[in-house]
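# Secondary and tertiary structure notes
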Amino acid sequence: MKQNLFHALRTIQARAYPRIIGSFRHPSWFLFEVGLPLLSIVTFIYVLKSFDSPKEYESYAVIGGCMLPIWFNVVFAMALQLRWEKDSGNLEIFMTSPAKLTWILLGMMVGGSMGTILFAVCVLLIATSLFDISFLWVNWWKALIVFIPCVFSLYSIGMAMSSVFLKAGRKFEYYLGLAEEPIQFITGSYFPIFSLNIFLAVFGSIIPLTLGIDGLRQVLVIGDYGSPLSWKYEAIILIIYWLVALKLAKSSLIWMERLAREEGTLTLRWQ
Amino acid sequence: MAINRLNIKQGFKASVILGWKIETNWSNLFTVFIVKCSKPFAVALMLTAMYTIASGPNSNKDDLAWAITGVCVWSFIQSATELYSYAIIGEREWFRNIINIITAPTPLSVYLLGRTLIWLPIGIINFIIIILISNSALNFGLNVSDIKFGYLIISLLFGFGSVVGLGFLVAGISLITPRFSEGIAFGVTGALYLLSGSIIKPALLPASLMAISNALPFTHWIEIIRYCMFSYFRYDDPPLTNFLISSIIFCCISYLIYKYCLYKGRQSGKIELSTMF
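Below: a short report on this structure. Everything numeric in this text was worked out from a predicted model, so none of it was measured.

This part covers a nonpolar patch on the surface. Residue and element names in this part refer to chain A. A contiguous nonpolar patch, built from Trp137, Trp140, Trp141, Leu144, Ile145 and Ile148 and spanning about 630 Å² of accessible area, is present on the exposed surface. Here Trp140 lies in helix 7 (residues 140-168). For Trp140, a relative accessible area of 51% translates into the label exposed.

So, in structure tokens, the structure goes:
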């Protein structure tokens, strides 16, 4: 048991390390990871200005915009990862090594989330200083209660999606276009979705990002923020979400591995 | 010379078919267009949501119509930019085929023109769907009799030239960018979203950004399209001269940058080097 745990921790550390170091390997990556979300935030803040919106809506847009890099990292660097490993020939090494695939994915989750959260913080700092936006930083601990389960549940979904992507093949990558602007709309990244339509918001809450953004807005934005669900309940839902997604990820990985071994498609590239 | 002409014609035709097959072979045509049209449609929905819940007392529906028309035209720019960049990345990194394309008798520029031509039907479908749905759902007051079709078609055609110019610029930069070439398309579209006057009025931008915005052909192009579509945007003459001058300069500079990048890539001998992890 002790040896297993030690082995798991070593695997997680080994897989997290290149993700953390790799994030800072090229200065251009930092520029893209911070610059692109920042451009989106700036654009939508100017849209809000052109609509003569109240100032607090700019804060809502900044919070939502800062959470988006985490979502993109989940989809493009977590869910797609096993497919990339398969195409680059690493998957067979992963499968034949004594390390479990779940530990490897947990390592990716730890490494990926640390790098991305740092980028998100950079985006937050630059955006707040550019537009002179203030937040209720005294509520930082409440923000963490919402933020941590939100990030964990998102990455757990990424783990579950990775096996689906691996099984579904190359054509599924085309659907990733739906993970960008359409997701920004249904999660209410740049506007409070619960104020628009409750049914749409409930539908959007299938993705934990919606609840995470909503909870963070409740605790951090200065001024009244109307939401039908308190941030405390949202945090509890996110924790449940995380546990369910983790269980789902484990089962889907086992299912995918068994199916792929039976069909002999596990190491078949370009499919 | 005769062979060259034949190659250009045949090469263009073959690359159009190839581009179509690559972009549409993963599902039925309906699903392909739903996925391809989802981005600008979602942005139009976001703008409508923002206007519905966040607009202040000094805002009116014309502002929303202004932004949504911009999104309609923007879909041409977005799909073209992504396709040109992905064509280079796909051939170099995924299919490992770029060296064969460069050494083939058909010039790379002709191949790229054909390979990415699907941006045109995607953009047109986006344009029509978004403008029709938003006009009927949000009551923008668009009358077919008010549309200046002559102006609209001519300006669209000239604008497509600038879009192709932008595509070559992005393709050129992608040719010499290792590892993160995918980000080039996102970076260019992100920057132009802010600067091209598609959803943000240039007058709202700081002076330096406004100067860049006014130097871009897309700002004037989108403004002319608005002028052609809606009578209530005809408060001034359309910026035709600015559009033509900026388009010509932009296309020339873009093509020169593309040629320079292609030359540099070939000179360094790394043009076919796949660099992504």
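Our focus in this paragraph is the packing of aromatic side chains. All names here are of chain B. Scanning all chains against the criterion turns up 30 aromatic pairs over all chains. Seen in terms of ring centroids, Phe140 and Phe230 are 6.4 Å apart; in terms of plane orientation they differ by 80°. Their pairing is edge-to-face. Taken together, the residues Phe140 in the loop between helix 6 (119-138) and helix 7 (149-176) and Phe230 in the loop between helix 10 (217-229) and helix 11 (240-268) connect sequence positions 90 residues apart. When sorted by exposure, Phe140 lands in the same class as Phe230, which is buried. Measuring from ring centre to ring centre gives 5.7 Å for Phe230 and Phe233, while their planes differ by 80°; the resulting arrangement is edge-to-face.

Another aspect to go through is helix 1 (residues 2-23) of chain A. Residues and elements named next belong to chain A. With 22 residues, helix 1 extends 32 Å from end C-alpha to end C-alpha; this agrees with the ideal 32 Å at 1.5 Å per step. By the burial criterion, the buried members of helix 1 are Ala8, Thr11, Ile12, Arg15, Ala16, Arg19, Gly22 and Ser23. Against helix 2 (27-50), helix 3 (56-79), helix 4 (81-88), helix 5 (91-96) and helix 6 (101-131) lie the buried residues of helix 1.

This brings us to the nonpolar core. If you look at the biggest cluster of nonpolar residues, it comprises 159 residues, and the most contacted ones within it are Val62(A), Leu108(B), Leu112(B), Trp119(B), Leu166(B), Trp221(B) and Met229(B). Considering each element in turn, this core owes the most residues, 16 residues, to helix 3 (residues 61-94) of chain B. When sequence neighbours within four positions are dropped, the list of residues in contact with Leu108(B) reads Ile101(B), Ile102(B), Leu175(B), Tyr258(B) and Leu262(B).

Turning next to the interface of chain A and chain B. Many analyses report the size of an interface as the accessible area lost when the parts associate. Facing the 35 residues of chain A at the interface are 43 residues of chain B. Here chain A packs against chain B, burying approximately 3,700 Å² in sum over the two surfaces, 76% of which is carbon and sulfur. Its largest share of buried area at the contact with chain B, chain A owes to Tyr46(A), Phe51(A) and Tyr174(A), together 20% of the area lost on that side. Between the two partners, chain A and chain B, sit one salt bridge. Taken together, the connections running from chain A to chain B amount to three residue pairs in polar contact (both at pLDDT 80 or more). Residue assignment for the side of chain A that touches chain B shows that the elements contributing at least two residues are helix 2, helix 8 (181-186) and helix 9 (193-196) of chain A.

Residue and element names in this part refer to chain B. In the structure shown here, the tally under the stated rule is 11 salt bridges over all chains. The salt bridge partner of Glu82 is Lys39, with a shortest N-O separation of 3.1 Å. On the criterion of sequence distance, the pair formed by Glu82 in helix 3 and Lys39 in helix 2 (residues 29-54) is long-range, its members being 43 residues apart. Taken as a pair, Glu82 and Lys39 share a single burial class, namely buried. One network of salt bridges, with partners in common, ties together Glu23, Lys36, Glu91 and Arg115.

Let us look at unusual backbone geometry. Phi is positive for Asp132(A), close to 55°, though the residue is something other than glycine. Note that Asp132(A) resides in the loop between helix 6 and helix 7. If you check the backbone angles, Asn139(B) has positive phi at about 55° while not being a glycine. Residue position: Asn139(B) is located in the loop between helix 6 and helix 7. Judged by relative accessible area, which is 60%, Asn139(B) ranks as exposed.

Calculation rules
- Residues numbered from 1 in each chain as written.
- Chains lettered and ligands numbered in written order.
- Predicted model: local features only at pLDDT ≥ 70, side-chain atom pairs only at ≥ 80, totals over all residues.
- Heavy atoms only, no water.
- Patch = residues over 30% accessible without salt bridge, like charges linked within 9 Å, V, L, I, M, F, W, Y side chains within 5 Å.
- Areas by Shrake-Rupley, 256 points an atom, 1.4 Å probe, with all protein chains shown as cover.
- Salt bridge = Lys/Arg side-chain N within 4 Å of Asp/Glu carboxyl O.
- Helix = DSSP H or I, 4+ residues; strand = E, 2+ residues; numbered from the N terminus.
- Buried < 20%, exposed > 50% of the residue type's maximum accessible area, 1.4 Å probe, protein only.
- Phe/Tyr/Trp six-rings, centres within 6.5 Å; stacked < 30°, edge-to-face > 60°.
- Expected span 1.5 Å × (residues − 1).
- Contact = heavy atoms within 4.5 Å.
- Core = buried A, V, L, I, M, F, W, Y, C linked by side-chain atoms within 4.5 Å.
- Buried area = accessible area lost by both parts, 1.4 Å probe.
- Polar contact = N/O pair within 3.5 Å; in protein donor to acceptor, adjacent residues only side chain to side chain.

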